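What follows is each chain in one-letter form.
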There are 2 protein chains.
Amino acid sequence: MIVINFLGTVSGIPSKERNHPAIALEYHYYKKETLLFDCGECVQKQLMLAKISFMDIEKIFITHWHADHFAGLIPLLQTMNLEKRKKELKIFGPEASKFVNNIINLGYFGLRFPVKAIDVPFEGNKISKIDESKEYEIFSVPVLHTVPSVAYCFKEKDRWRIDKEKLEALKIKSGRWLKKLKECGKIEIKGKNIKIEDIGRLESGLKVVYTGDTKPCDNVVELAKNADVLIHDATFSEEDEDEQKYHSSVRDAAIIAKKAEVKKLILTHISRRYQSEDVKKLEEEAKKYFENSMVAKDMMKIVLKRTNSPRTLQPG
Amino acid sequence: MIVINFLGTVSGIPSKERNHPAIALEYHYYKKETLLFDCGECVQKQLMLAKISFMDIEKIFITHWHADHFAGLIPLLQTMNLEKRKKELKIFGPEASKFVNNIINLGYFGLRFPVKAIDVPFEGNKISKIDESKEYEIFSVPVLHTVPSVAYCFKEKDRWRIDKEKLEALKIKSGRWLKKLKECGKIEIKGKNIKIEDIGRLESGLKVVYTGDTKPCDNVVELAKNADVLIHDATFSEEDEDEQKYHSSVRDAAIIAKKAEVKKLILTHISRRYQSEDVKKLEEEAKKYFENSMVAKDMMKIVLKRTNSPRTLQPG
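### As for the sheet that holds strand β1 (residues 2-8) of chain A
Residues and elements named next belong to chain A. Here we have eight strands laid out as an open sheet, ordered β6-β5-β4-β3-β2-β1-β18-β19, and mixed in their pairing. Whereas interior strands pair on both sides, the edge strands pair on one side only; in this sheet they are β6 (115-119) and β19 (311-313). Here the average twist between neighbouring strands, direction ignored, is 20°. Of the pairings in the sheet, the one linking β1 to strand β2 (residues 22-28) comprises six bridges and is antiparallel in character. Within the sheet, the bridge partner assigned to Asn 5 lies in β2 and is Ala 24. Each of β5 (89-93) and β6 touches helix α4 (residues 96-104); the most contacted strand, β6, lies at about 150° to it.

### Details of the interface of chain A and chain B
At the junction of the two partners, chain A supplies 40 residues and chain B supplies 40 residues. Counting the surface lost from both chain A and chain B, the interface buries some 3,400 Å², and carbon and sulfur atoms represent 63% of this. Of all residues in chain A, A:Lys16, A:Leu106 and A:Tyr108 give up the largest surface area on contact with chain B, accounting jointly for 22% of the area buried on that side. At the surface where chain A touches chain B, the tally comes to two salt bridges.

### Describing the confidence of the model for chain A
Scored by pLDDT, chain A has a mean of 92; 99% of the residues are at 70 or more. For this predicted complex, the interface confidence comes out at an ipTM of 0.89, alongside a pTM of 0.91.

### Points about the relation of the copies chain A and chain B
With an axial shift of 0.0 Å and an RMSD of 0.0 Å, the rotation relating chain A to chain B amounts to 180°. What the superposition gives is, in effect, a two-fold axis relating one chain to the other. Among all C-alpha atoms of chain A, that of A:Cys42 lies closest to the rotation axis, at 2.6 Å. Looking at the interface residues of chain A, 100% of them are also at the interface in chain B, so both copies use one shared face.

Cut-offs and rules
Residues numbered from 1 in each chain as written. Chains lettered and ligands numbered in written order. Predicted model: local features only at pLDDT ≥ 70, side-chain atom pairs only at ≥ 80, totals over all residues. Heavy atoms only, no water. Pairing = 2+ DSSP bridges. Helix = DSSP H or I, 4+ residues; strand = E, 2+ residues; numbered from the N terminus. Axes fitted to C-alpha atoms, helices over the stretch in contact; angles between N-to-C directions. Contact = heavy atoms within 4.5 Å. Buried area = accessible area lost by both parts, 1.4 Å probe. Salt bridge = Lys/Arg side-chain N within 4 Å of Asp/Glu carboxyl O. pLDDT = per-residue confidence, 0-100. Least-squares fit on C-alpha atoms with pLDDT ≥ 70 in both.

Quick look at the structure:
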């Protein structure tokens, strides 16, 4: 199960209702793991409100080094230090080594836990696998903004599920050999050669893509292909579109969602000029191009399971 | 008139109720001027809630370079830039040149307005005048913390007020000559030599002192002598006092307030271990040593006038 927590959803200048960008993705499998995508101001306050521990965060993915996307890192690192963190923290981003080094040397930190910066490619069109665990992979791709910027994809690994009927037809009891079959793809048992595809079906892992700041971009279409959720920059309504700004409009984001054939589009990085009463209009605008569109709010949660449609929990 | 806005009142790790340290001092004379003392995370959100414009801030005074006291600067500078600020911003602090330079080179800022860093002495016992306008002076003094740190004093200049009865006794009509008399201290009019002390009385300017983080410190007693308001580090209750921490307890702060003969003590930099129900106990503890003591809350305001006692406006 994945829970996507929208901690901050505004563009450059914050408002009373919306904080600077930050998304906490909680991945529940055997254990829970928390990944943070961007880390704007007030991230600590928002994590507290969402009841997510600072100390559970293992990896932080920064899309680009504009202050609204990273300034929360500085007090967060200090808090982790004061809380006596020992575990390594990984920070991914374009030019991460340079900027993480700048941050660590910024004030009187005296960090007592290891911070590892991982540089992510920010030029060209190639999708890069930048991280992998037993359960998921993280990919990135360069996007179109004023400074080196990337989009990220969290992709749960596909898994083989055993089809009980097929298993019964073989007249072999289930047991530990099934685990080995899932791992190796084939096995010999009681003189029979069994392939995983004979008795299993491949279940797709969940896929979530977050663009950070970008103009409409073909790389995002590639990265987001068939995603369960695409979280896209949608700074302006189509009326207020501004080519100079290197951001996307609501329409741009919806067209990308359609091209990528995603299941659900969440519009974020909303300019402070739009008040809560404008949200419906923005959503209607997006729905003209892609039906399953929704504007993010601070503290909104999306719950994703392999077996169900996404469920949205609104704040309050 | 001075309005002291407590934007953040917690120590190192923020809580749901308290943000990282920041105090906005609004000085109303002919015009309004806003000075910011420390600039912790979420300062923009808190300024918005207090209805103080980001753009009104002319000067920022950082007590020391721990992230909880300065991390809000980074997104605040970005916002001022996005809002097309042109006016110079002055940032004072111990080693300000070094740290402000680090901050400006931290991300992709491209600042388009001038930022002037002013280094403030952080060793020894001397009180330094670090800034002056027509209406007020700012002083600093080194304090006792783990890194170079200072306390600040905002001192409104004393002003001569004309005593109407004395003026009438002289049988000279009031006029422009009074302004000149206030400026020069003496004047010859209708053959008479008049000194300002003959017809005026000196009205003391308001005085506010903020310690930042410090152990109890004689320099603070000197700086805060007869202050209208002393805002003092009070991280712990006396039970939880910890010599190792280079902070003050509630008792420490109250004893300093008594020694300095201030009018009012505001306890701030409160550890997150104390909930709102503990505030009364902390206040009682302080009152054993200094009666006019009070624990700060986020969004609390203190209104100071020369002619009245301070007035406290509680949030909500």
